[in-house]
Structure formats: C-alpha cells, structure tokens
Amino acid sequence: MLKSHHCGALRRDHVGEHVSLAGWVHRRRDHGNLIFIDLRDRFGITQLVFNPDHSADAHQIASQLRNEYVIRALGLVRARPEGMRNADMATGDVEVVIDQVEILNEAREPVFHISRESDVDEALRLRYRYLDLRRPRMQRNLVLRHKVTRFMREYLSERDFLEIETPILIKSTPEGARDYVVPSRLHPGKFYALPQSPQQLKQLLMVSGFERYFQIARCFRDEDQRADRQPEFTQLDLEMSFVEREDVLQLLEGLLTELVPAVSDKRVLQSPFPRFTHTEALALYGSDKPDIRYGMLLTDLSDLVADSGFRVFQQTIEAGGQVKAIRAPGCADYTRRQIEELTELAKEHGAQGLVTIQMRDKGPHSSIARFLAEAEMTAILERMGAETGDLLLIVADEAPVVAQVLGQLRLVMGKRLELADDDVLAFAWITDFPLLEWNVDEERFEAVHHPFTAPFDEDLELLESDPGLVRAKAYDIVANGYEIGGGSIRIHRREVQSRLFAAIGMTDEETRAQFGHLLEAFEYGAPPHGGIAAGLARLVMLLAGEPNIREVMAFPKTQSAVDLMTDAPSPVSARQLDELHIRIQD
RNA sequence: GGAGGCGUAGUGUAGUGGUCUAACACGUCGGCCUGUCAAGCCGAAGAUCGCGGGUUCGAGUCCCGUCGCUUCCGCCA
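The present account deals with the structure reproduced in this document. All values reported here derive from a predicted model rather than from experimental measurement. All chains use their own residue numbering, which begins from 1 and follows the written sequence. Chains carry letters from A onward and ligands carry numbers from 1 onward, assigned in written order. Where local features are concerned, this predicted model is filtered to residues with pLDDT of at least 70; where side-chain atom pairs are given and counted, the filter is 80 or more; whole-chain, interface and lining totals use all residues. Each side-chain value is derived from all of the structure's non-hydrogen atoms; neither hydrogens nor water enter the calculation.

The mixed closed barrel is built from five strands, whose spatial order is β1-β2-β3-β5-β4. Across the sheet, the mean angle separating the axes of adjacent strands is 55° when strand polarity is ignored. Strand pairing is assigned whenever DSSP identifies at least 2 bridges connecting the two strands. Put simply, DSSP H or I for four residues or longer makes a helix, DSSP E for two residues or longer makes a strand, and each gets a number counted from the N terminus. Examined bridge by bridge, strand β4 (residues 70-79) and strand β5 (residues 94-105) share 10 bridges and lie antiparallel to one another. By the bridge assignment, Ala73 is partnered in β5 with Val101. Axis lines are fitted to C-alpha atoms, over the contacting stretch for helices. Their N-to-C directions set the angle, which ranges from 0 to 180 degrees.

Our next topic: the protein's contact with RNA strand B. The local shell around RNA strand B holds 53 residues, among which Asp53, Met84, Gly176, Ala447 and His449 are the closest. Polar contact criterion, stated in full: a pair of N or O atoms within 3.5 Å, where within protein one must be able to donate a hydrogen and the other to accept it, and residues adjacent in sequence count only if both atoms are side-chain atoms. For RNA strand B, a base nitrogen lies 3.0 Å from a polar atom in the backbone of Asp30. Here a phosphate oxygen of RNA strand B sits 3.2 Å away from a polar atom, N or O, in the side chain of Ser560. Counting only elements with at least two residues in the surface near RNA strand B, the list comes to β1 (18-30), β2 (35-41) and α2 (122-127). Per element, the largest residue contribution to the surface near RNA strand B is four residues, and it comes from β1. In this text, near means that some heavy atom of the residue lies within 4 Å of the molecule or strand in question.

Time to look at the environment of Glu446. Structurally, the position occupied by Glu446 is in strand β21 (residues 444-447). With a relative accessible area of 21%, Glu446 lands in the partly exposed category. Spatially, the C-alpha atom of Glu446 lies 22 Å from that of Glu520, the residues being 74 residues apart in sequence. If we skip the residues at most four places from it in the chain, Glu446 touches Leu435, Leu436, Glu437, Asn439 and Ile504. With a 1.4 Å probe rolled over the protein chains alone, any residue whose accessible area is under 20% of its type maximum counts as buried; one over 50% counts as exposed, and the rest are partly exposed. In this analysis, two residues are considered to be in contact whenever any of their non-hydrogen atoms come within 4.5 Å of each other.

Turning our eyes to something else, we now look at the packing of helix α5 (residues 199-207) against helix α14 (residues 508-522). Relative placement of two packed helices is described by the angle separating their axes and the distance separating the axes. Between α5 and α14, the least distance of the axes is 10 Å, while the angle of their chain directions is 20°. On the basis of the axis angle, α5 is roughly parallel to α14. You can see that α5 and α14 cross each other, and the crossing is left-handed. Residues Gln200, Gln203, Leu204 and Val207 of α5 lie in contact with α14, whose contacting residues are Phe515, His517, Leu518, Ala521 and Phe522. Throughout, the term roughly parallel applies to angles under 35 degrees, roughly antiparallel to angles over 145, roughly perpendicular to angles from 65 to 115, and oblique to all others. Take the far helix as the reference: if the near one is turned anticlockwise from it by less than a right angle, the crossing is left-handed, and if turned clockwise, right-handed.

Another point: the pairing of β4. Where β1 lies against β4, seven bridges are found, and the strand directions are antiparallel. Across the sheet, His18 pairs through a bridge with Leu76, a residue of β4.

With that out of the way, let us pick up the sheet that holds strand β13 (residues 299-300). Spatially, β13-β14-β17-β15-β16 is the arrangement adopted by the five strands of the open sheet, whose pairing is antiparallel. Of all strands in the sheet, those bounded by a partner on one side alone are β13 and β16 (363-365). Alignment of β13 against strand β14 (residues 322-328), held across two bridges, turns out to be antiparallel. Residue pairing in the sheet places Asp300 in a bridge with Lys324 of β14. Sheet strands in contact with helix α8 (residues 311-318) are β14, β15 (355-360) and β17 (391-397), and its direction is about 45° off that of β17.

This part covers helix α6 (residues 245-263). For a helix, the expected span equals 1.5 Å multiplied by the number of residues minus one. If you check α6, its first and last C-alpha atoms are 27 Å apart, about what 19 residues at 1.5 Å a residue would give, namely 27 Å. Taken together, the buried positions of α6 are Val248, Leu249, Leu251, Leu252, Glu253, Gly254, Leu255, Leu256, Leu259, Val260 and Val263.

Omega for the bond connecting Ser271 with Pro272 falls within 30 degrees of zero, at 5°, which places this linkage in the cis form. Residue position: Pro272 is located in the loop between β11 (267-268) and β12 (275-277). For Glu418, which is not glycine, the phi dihedral falls at a positive 50°. Relative to the helices and strands, Glu418 resides in the loop between α11 (399-416) and β18 (424-425). Residue Glu418 is classed as exposed on the basis of its relative accessible area of 69%. The phi dihedral of Asp432 is positive, around 60°, even though this residue is not glycine. Relative to the helices and strands, Asp432 resides in the loop between β19 (427-431) and β20 (436-439).

Within 6.5 Å between ring centres, the rings of Phe, Tyr and Trp (the latter by its six-membered ring) count as paired, and their orientation is classed by plane angle as stacked under 30 degrees, edge-to-face over 60, tilted in between. What the rule picks out here adds up to 11 aromatic pairs. Both rings, one in Phe310 and one in Phe371, keep their centres 5.7 Å apart while their planes meet at 35°; by these two values the pair is tilted. Here Phe310, found in the loop between β13 and α8, pairs with Phe371, found in the loop between β16 and α10 (374-384); they are 61 residues apart in sequence, far enough to count as distant. Overall, Phe310 belongs to the buried group, its relative accessible area being 13%. Here a set of aromatic residues connected by ring pairs shows up, and it is made of Phe273, Phe427, Trp429 and Tyr475. The lysine or arginine in question, Arg127, covers the ring of Tyr128, its NZ or CZ lying 4.5 Å from the ring centre. When the ring centre of Tyr155 is taken as reference, the NZ or CZ atom of Arg159 above it lies at 3.5 Å. Both a distance and an angle decide whether a charge sits over a ring: NZ of Lys or CZ of Arg must be within 6 Å of the ring centre and within 35 degrees of the ring normal.

Have a look at this one:
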C-alpha cells in the first residue's frame, strides 16, 4: 500500500506517528515559506504542512503542486497548535508535517471546481463524469446507493432468498415498452432483446422450485426519458412461491421500514404503510401514485351542485361527470394573473376551465358567485371547511379528467405551500388495479400491469363477459408521489393464462410463438407465486433528497439517451454491420 | 412527435436596442508572504456572447431557423 492511513483517519491519538498518505490535492494555501495542502481521498481530507525549515526538498516539490495532482506524502502526525484547530474537519485536530513527498501524477486544470459545491451545467458534468464523481455530492450518493443494495442483499438473504442472475440477451416480447434489440451474428435477421425486466425468467425460477429469488437486476426500456426515468435502470426484483398478496406486501414493507433508518436520516411516515385501492387513490388524491405527506384531498361536491344555477356544474353531473375541489390555505389573495396561470395549467391537463372561490375578508369571491344560490355556496364552503384566506379550486368534468387536473393542481399547490416534509418518506400501497384496459387505437383490451398478473378469483368469470371489470391481484408501492415499485400474484395455471391471452386478443398461434415456453412450463407443476420489483434509483433518489435519478447513477444518459462521456450511441464499422447482416437505410 | 426553460472567458453569474472597446466572483499564471483552512495583498492573461440567417444607422439584447442540455405532455406491459 502506498498509504498507511486514509485521509479521514487521523485523530489526536495518532500524534507522534509517522504516516504515509496518498490522494488528490484538494486545495493549497501557499504562504511562500509555509505551504498547506488539503489532501483528499475517498475517506476524507487531511491537512499537510510543508515547512522549508523542516524539509527543503519537500517544500520545493510542494510549491509545484496544483489542484487535483495525485501525490504521496510521508511525515509526522502533530497536534495543531492551540487556536488553529479546525472543528469543521473530522481530522481538524491534527496535521501532518511532511518530510518527503512524491508526485504520482500531474493533473490538468479541472474544467469545473471539484472542491466547491457550486452548480455546474449538467452537460459538462456528464461529459467529465469522472471528475464530477470526485465531488462530495456524487460520492455521498453512490455510497448511499451501495448501502441500500447491501442492506437489501442481507435482508433478503437472511430470509432464505437466493440471488440468481438472469440473462441480458433474451427474447423480444410484443407487450409493454419498446425493446432494445441486439442483432444476431449467427442468425441473420434475428434479434435478441434486452430485458425490460426479468419477469418471465423469475417466474420460471419459481417453476424450478427455488421458491425465493431476488436480483439487483438491470432493465432496459427504449422509451423517452424523465427526471425519474433512464433507458437502463436497476430494479430490486424478487419473486416468492406459495404466497398470497399479503406475504409479498409484508416482506417489502418490512424491508423498507428497516432500510430507511439504517441508511439515511429520513423518517418513514407510517408503518404498516397505508393502503388505498386504485379507485380510492384517484378519488382522494387524483393520482395512482399519491404524495400522502400532506392532505389537500379532493372533495366531491357533485351532490351539492346537481341542481346548480351554474349550468356547467348541472350539465356535467347530468352527463355522468363530477364536480370536485381542493382547498389551498392562504391563497385567497391570488391575483387575476395567478388565477389565470392555474386555469392554464388545468386546461393543459384536459379541463375545460377552472372555477375558483377566494375566501376574502369581505366574504367569498368567485366569478360564478352570481349563479349560485346562497344556500348552495354555504353548503360548498361548509363541506370544504373553507376559512378566510383560503382559495378553493373547483373542476367539473368526467371523473378521470377531474382526477388528473385536481391531482396536478394539488401537487403544484402542495409544492408552492411547502406542505411536504422533506425528511419524511411516505410509503403507501395502491391495490386492486383493473386487470385490463381498453386500448382505443388498437381496439382491444391490454394488460394494465402485465399479462401474467392473476385476476381476482371471484372476477374470473368476467374475463370473457366483461373484461374491463376484472380486478387484478396487483399492487404498487409509492413514496412521496413516485411509483417506487409494483408487483402481483401471478397466474400459475395454464388454463387461466390462456384465457388471459385470449382476452387481450392474442391468437393461439401468437401466444405459442411469444410465450410458448412459459405456457409449457406451467404444464409441469408451477407453484402459486408472486413478487414485486422496485426501482432502485428512484428509492435512492428519495433517500438522498435528490431531484432526479441521474444524481444517484454513476454514468447516466441524457434526456436524448446519449452518453456524453463516451459519445454512445455511435456508428459502427461497415465490417461490423456486414457480420451482423445489417444494412443502414437513410 | 409536441410545449416550456436555459445556453455570455476554464466555472458560476450580471448585462432587457446605443462609451459593451462586454462586468463581477471563483479558477489560472506571475510577484510578495512562516499558521492558513473559501488564506491574504499586488499584478496579468483569458469571451468570434451555442451555431446560422434576418430586422435595424446600430444586436449579447428583437425576430426566424438550428444544435445541445433540461422540465413536462404523449410514451413508459
């Protein structure tokens, strides 16, 4: 080893020891004669002192040191003089007087500050990611990520789970996201796909009798990016045999409840986690991934305004729609312009308009006040619990539009009013999703979750008669408004699986070609099984308090799925294309 | 595919039609400096204002296009 200690190690106890340290020059303070170097490695920073009276040679070399040079230094640990200790540094009680120093490697001037937590253009950070990763933020986040995966591995291993790797080159399937495909050299015109998740493989492992499987699994989906979505991402993927929904929920709930305090300063809002059916979540929060750190729930006013003098309300309800509202405390003084902005937002999300009631000192103020009977207004205010200073936002439309619009307005107002506690992780389960939904474009039903999800036993008969009403044994785990994971109890009987494929309009021939291996496996004694997959980076992002997933990934891609550091994707040679039997069309 | 935001020395910003011959901080380079820790003081270098076109007597500033990054919608079984 080139170092006897790391740069975060030395304390008062080490005074008098001769040590060797190695790392990067974090900062230098050159007084001409006396030179101080803050030496950094992964573990911390230690102050080196170069005094020409102590070692003229070392001092001479030190005067040539620049930021980010890699050096090794040997010297004596000394207590810092009284009054010169640095309480902000872990090693601030001591310093190392250097008698010998060696430059292991010089460094060009970094393109941005390593030693300052200043914001830097993200494209530049990604272009020079190896430098960005030296900075405290990324070091901290990747250490956290390691702690999370380590905790998961230990927690699951202790509970008889086996970590089993599944292939990255697999068969493309038609359902779901767009596949990343890989051409085959040995089989002209044929392609592998990268897994969107190891879904079928882990189910086959259950057929194999492993009973409890998990994997920190890399997944790939060729869809457009978001702050919480990358083209390749990591899931904690797990599957269990001979279980019911409750077993899976309790396992993951236990894992997360213990994980959070073990790796972070965050607090779990509530455990056991609250549960909402899909219908309840949409009704209360206007979202299937609600942020339950604060209230501002959607309140139904439909019954109060069914005969309203405001014809829009009346007509909406006659047509089977809803009138619902949220209450934003302290926003009664919004200007016409601010109200206009909210209205625009509502329209962007599909609303025809937005009705507001401003609870001013003189009384409620609303553009539709003159259409409402006094009793009607009173009833609305009472149900909303409206107080002076509040702003009520009311939307009238079909139920899905109301949920979408008020759900978004709730998020916007919650953010403005800073209602969410940043130190809290508010997990919740969303259950009882519909199994199938009608795809208007393709004029067929398709799986909401995936086609291996088991229907409710009591809904089985509806699979042929009224597929849209079948409920699924599926569940999502959400936290702070993000979908952290999802899973289900699977279909394990061939007959049910065939009926499901029929319900989503797949012919026997298609079924055999795409999923024959799975259906066949089910004929050899498949146990009842189910599982869940959780997005690792989304979870770490929340634990780290970061605004996007890239901050917890070592080498993320841009929104356009480009790696700015390596410049992938890039062209390949004509020879490579030839071998792969591929011709590029312009 | 669509909508919004951003793009000015190495980095972060200021500059909203006229001494902008582009400013400030940090960084860099040089000088001075034996107790600093965002060291200090003095000095210097460093910018075709993302790129292309247009309007104008005059464009970093206004308009159009384009590229890059980003947020959102669509998409994400």
